[in-house]
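# Working through the structure, step by step
So you can see what is in the structure, the chains are spelled out below.
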Amino acid sequence: MIPWIQVYSNLIRHPKVTNLADKLGLTSKDVGPNVIAAGMLVSLWLWAAQNATDGDLSECSDRAIAEAAEFKRKPSLFVEALIYAKLLDEDRKLHDWDEYATLLIDYEERQREQTRRRVAKHRARKNPAKETPCNSECKSDCNVTVTQCNASTIPNNTLPYITLPDNTDANSTDCVTARALSGDCRFDAFWLEYPKNSDRHRDSAISAWNRLNPNESGVAHIMSQLRLWKQSERWLEEDGRYIPKAEAFLDPTGEYLTKKPASGKPGIPKGATGELGEAELAAIQRVLKGDTV
């Protein structure tokens, strides 16, 4: 993908562009000096989008900066004019670069994240033994997930803290979750336990998880709610027909994270157990008495 940047509609008439044009003494019979100055700026920014994505030109010579903007006169004059117009900071960083390259920066971050995931998957395929859940004591450094995940988390204290039993078996689901809580692969523990997961829904579930960004107590709450709902009659009906997608389960405004499922089994119709119910017995008595049914 070719890098690109945002250009605001008022660029040509912006005071800084006017100052740049005046400082360089730009003239033309065909177009105004601001148009020339704006064109040079865009040319410089597009070059930076490919060669200095962070907007830092401190390692670039005056000639490189001038050539990037297609400025044909003395290179130092162009750099001085950029600083004078406050389009380049004194430390030779493009001023307010994040405003012009927000989408580019987001794209670069997504690319780095995708690369990290590809590398993790490649390493996982080369070293499958490292991904196998261990059967030793329940320790925080035990790798128990199927895929690796190094995403950092930011504390979110909106969910209540829920502790796990002290006598949890080392190979139980609770122990697996406890180990995941102390590492970076918390989503994987949730995904492995979720009763209705599919690879095609994993990305949307990850997005929902990242929006929640739960801390350790938040993850414990999510897992606790998940186990309650897994045992609910609603989720057990018709071979899990009513189990929602994980993305919906992780909705912070939905019922799954904020409420407990209704307790008890659905009412059984009288007579459905093989025994006569009250209505059936009453009908039989009326027939025996000769009453009209």
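It should be emphasised that the depicted structure is a prediction, and the values quoted were computed from it without experimental measurement.

Reading the values: rules and limits
Residues numbered from 1 in each chain as written. Predicted model: local features only at pLDDT ≥ 70, side-chain atom pairs only at ≥ 80, totals over all residues. Heavy atoms only, no water. Helix = DSSP H or I, 4+ residues; strand = E, 2+ residues; numbered from the N terminus. Buried < 20%, exposed > 50% of the residue type's maximum accessible area, 1.4 Å probe, protein only. Contact = heavy atoms within 4.5 Å. Areas by Shrake-Rupley, 256 points an atom, 1.4 Å probe, with all protein chains shown as cover. Salt bridge = Lys/Arg side-chain N within 4 Å of Asp/Glu carboxyl O. pLDDT = per-residue confidence, 0-100. Core = buried A, V, L, I, M, F, W, Y, C linked by side-chain atoms within 4.5 Å. Patch = residues over 30% accessible without salt bridge, like charges linked within 9 Å, V, L, I, M, F, W, Y side chains within 5 Å. Phe/Tyr/Trp six-rings, centres within 6.5 Å; stacked < 30°, edge-to-face > 60°. Lys NZ or Arg CZ within 6 Å of the ring centre and 35° of its normal.

Moving on, we come to the overall build of the protein. Across its full length, the protein carries 14 helices and zero strands. Secondary structure of the protein in N-to-C order comes out as α-α-α-α-α-α-α-α-α-α-α-α-α-α. The proportion of buried residues among the 293 residues of the protein is 33%. In the protein, 64% of the contacts between residues at least 6 apart in sequence involve partners at least 24 apart. Accessible surface computed for the protein: about 18700 Å², of which carbon and sulfur atoms make up 50%.

A separate point is the pattern of salt bridges. Under the criterion given, the structure shown has nine salt bridges. Residue E67 pairs with R63 through a salt bridge whose shortest N-O separation is 2.9 Å. You can see E67 and its partner R63 sitting in helix α3 (residues 62–68), four residues apart, about one turn around the helix. Judged by relative accessible area, E67 falls into the partly exposed class, the value being 45%.

We now examine the confidence of the model for the protein. In regions of low pLDDT, the predicted coordinates are not meant to be interpreted in detail. With 65% of its residues at a pLDDT of 70 or more, the protein has an overall mean of 74. Model confidence for the protein, summarised as mean pLDDT per element, is weakest for helix α7 (residues 173–181) at 45 and strongest for helix α4 (residues 75–84) at 95. Segment residues 130–184 is flagged for pLDDT under 50; beyond a separation of four residues in sequence, or across chains, it makes 89 contacts in the model. Scored below 50 in pLDDT, residues 266–274 shows nine contacts in the model against residues more than four places distant or in partner chains.

Next up on the list: the nonpolar core. Formed by 32 residues in total, the largest nonpolar core has its most connected members in L20, F78 and L82. Of all the secondary structure elements, the ones that give two or more residues to this core are α1 (15–24), α2 (33–51), α3 and α4. Examining the composition of this core, we find that eight residues originate from one element, α2, more than from any other. What L82 contacts, discounting residues up to four positions off in sequence, is L20, L41, L44, I65, L87 and L88. Residues F190, W209, I222 and I243 belong to the second largest nonpolar core, which totals 21 residues.

Let us now look at a nonpolar patch on the surface. Together, I12, V31 and V35 make up a nonpolar patch on the protein surface, roughly 200 Å² of accessible area in all. With respect to the helices and strands, the residue V31 is situated in the loop between α1 and α2.

Further remarks concern the packing of aromatic side chains. Two aromatic rings are characterised by how far apart their centres lie and by the angle between their planes. Scanning the model with the defined rule gives 14 aromatic pairs in all. Taking 5.9 Å as the distance between ring centres and 65° as the angle between the ring planes, the aromatic pair formed by W235 and F249 counts as edge-to-face. Highlighted residues: W235 in helix α11 (residues 233–236) and F249 in helix α12 (residues 246–249), separated in sequence by 14 residues. Feature note: the residues F187, F190, W191, Y194, W209, W229, W235, F249 and Y256 constitute an aromatic cluster, connected by ring pairs. Directly above the aromatic system of Y84 lies the positively charged group of K23, at a separation of 4.8 Å from the ring centroid. Directly above the aromatic system of Y242 lies the positively charged group of R234, at a separation of 3.7 Å from the ring centroid.

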